[in-house]
Amino acid sequence: GAVVSQHPSWVICKSGTSVKIECRSLDFQATTMFWYRQFPKQSLMLMATSNEGSKATYEQGVEKDKFLINHASLTLSTLTVTSAHPEDSSFYICSARGGDREGYTFGSGTRLTVV
Amino acid sequence: QKEVEQDPGPLSVPEGAIVSLNCTYSNSAFQYFMWYRQYSRKGPELLMYTYSSGNKEDGRFTAQVDKSSKYISLFIRDSQPSDSATYLCAMASGYALNFGKGTSLLVTP
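### Points about the overall build of chain A
A tally of regular secondary structure across chain A gives 0 helices and 11 strands. Ordering the α and β elements of chain A from the N terminus gives β-β-β-β-β-β-β-β-β-β-β. Relative to the compact-globule value of 13 Å for 115 residues, chain A shows a C-alpha radius of gyration of 13 Å, a close match. Over its C-alpha atoms, taken along the principal directions, chain A stretches across nearly 40 × 30 × 20 Å. Looking at chain A as a whole, 50% of its 115 residues qualify as buried. Residue pairs at least 24 apart in sequence account for 54% of intrachain contacts in chain A once pairs closer than 6 positions are excluded. For chain A, the accessible area works out to roughly 5,600 Å², and carbon and sulfur atoms hold 51% of it.

The structure is reproduced here in structure tokens:
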């Protein structure tokens, strides 16, 4: 199989606090995972590529100090939104490629609301 | 010009109709082509994956790729109300995916 589990599915936090989102590949090893952000009625925008055991690669315009990515094992990548602000409110989705199916498998997404 | 262009719709069809969804792209390096379905507030679900020109069929879904025209299509036969969702085309040359904006589809009973 190729199942990607993402947690939490939704979170509300106060402005200035940090939020951690987890992405796990349940039945396969993923040396590379991807983090996307999606605003309402918009497409998925790649934020960064997470590589196991090394630093993440961030897309242009994405603040690496604000969106901390850690890929400590072959099955887990985390995205931490530090000092969150209302403009960070969005739908964050992770994906990985691997397992016994072609293509990229996505997690179920995390709805972040910063108040 | 964006690398992947997709008409956002919305597209409304009656149940049983054949649906045609399309994307164009500009990067000739793209080798892998995918179609995803996304329900509201959910992650995308892979429908079709292909890496060559031509047609690929899976049940009611047919993916078509024309690399010479940089044009891909997804056809849905005998559309059902449960097919109502946003359909995203995606393509890649390496690891990272490039998505279209998504087409919102509504199939009415």
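### A closer look at the packing of aromatic side chains
Tallied over the full model, the rule gives 11 aromatic pairs over all chains. Here Phe67 of chain A and Tyr92 of chain A contribute two aromatic rings whose centre-to-centre distance is 6.3 Å and whose plane-to-plane angle is 40°, an arrangement assigned as tilted. Of this pair, Phe67 of chain A sits in strand S7 (residues 67-73) while Tyr92 of chain A sits in strand S9 (residues 90-97), and the two are 25 residues apart along the sequence. For the pair shown, Phe67 of chain A and Tyr92 of chain A are each scored as buried. Here the aromatic residues Tyr36 and Phe106 of chain A together with Tyr36 and Phe99 of chain B are joined through ring pairs into a cluster of three or more. The cationic tip of Arg97 of chain A hangs over the ring face of Tyr32 of chain B; the distance from NZ or CZ to the ring centre is 5.0 Å.

Conventions used here
- Residues numbered from 1 in each chain as written.
- Chains lettered and ligands numbered in written order.
- Predicted model: local features only at pLDDT ≥ 70, side-chain atom pairs only at ≥ 80, totals over all residues.
- Heavy atoms only, no water.
- Helix = DSSP H or I, 4+ residues; strand = E, 2+ residues; numbered from the N terminus.
- Rg over C-alpha atoms; globule rule 2.2 N^0.38 Å.
- Buried < 20%, exposed > 50% of the residue type's maximum accessible area, 1.4 Å probe, protein only.
- Contact = heavy atoms within 4.5 Å.
- Areas by Shrake-Rupley, 256 points an atom, 1.4 Å probe, with all protein chains shown as cover.
- Phe/Tyr/Trp six-rings, centres within 6.5 Å; stacked < 30°, edge-to-face > 60°.
- Lys NZ or Arg CZ within 6 Å of the ring centre and 35° of its normal.

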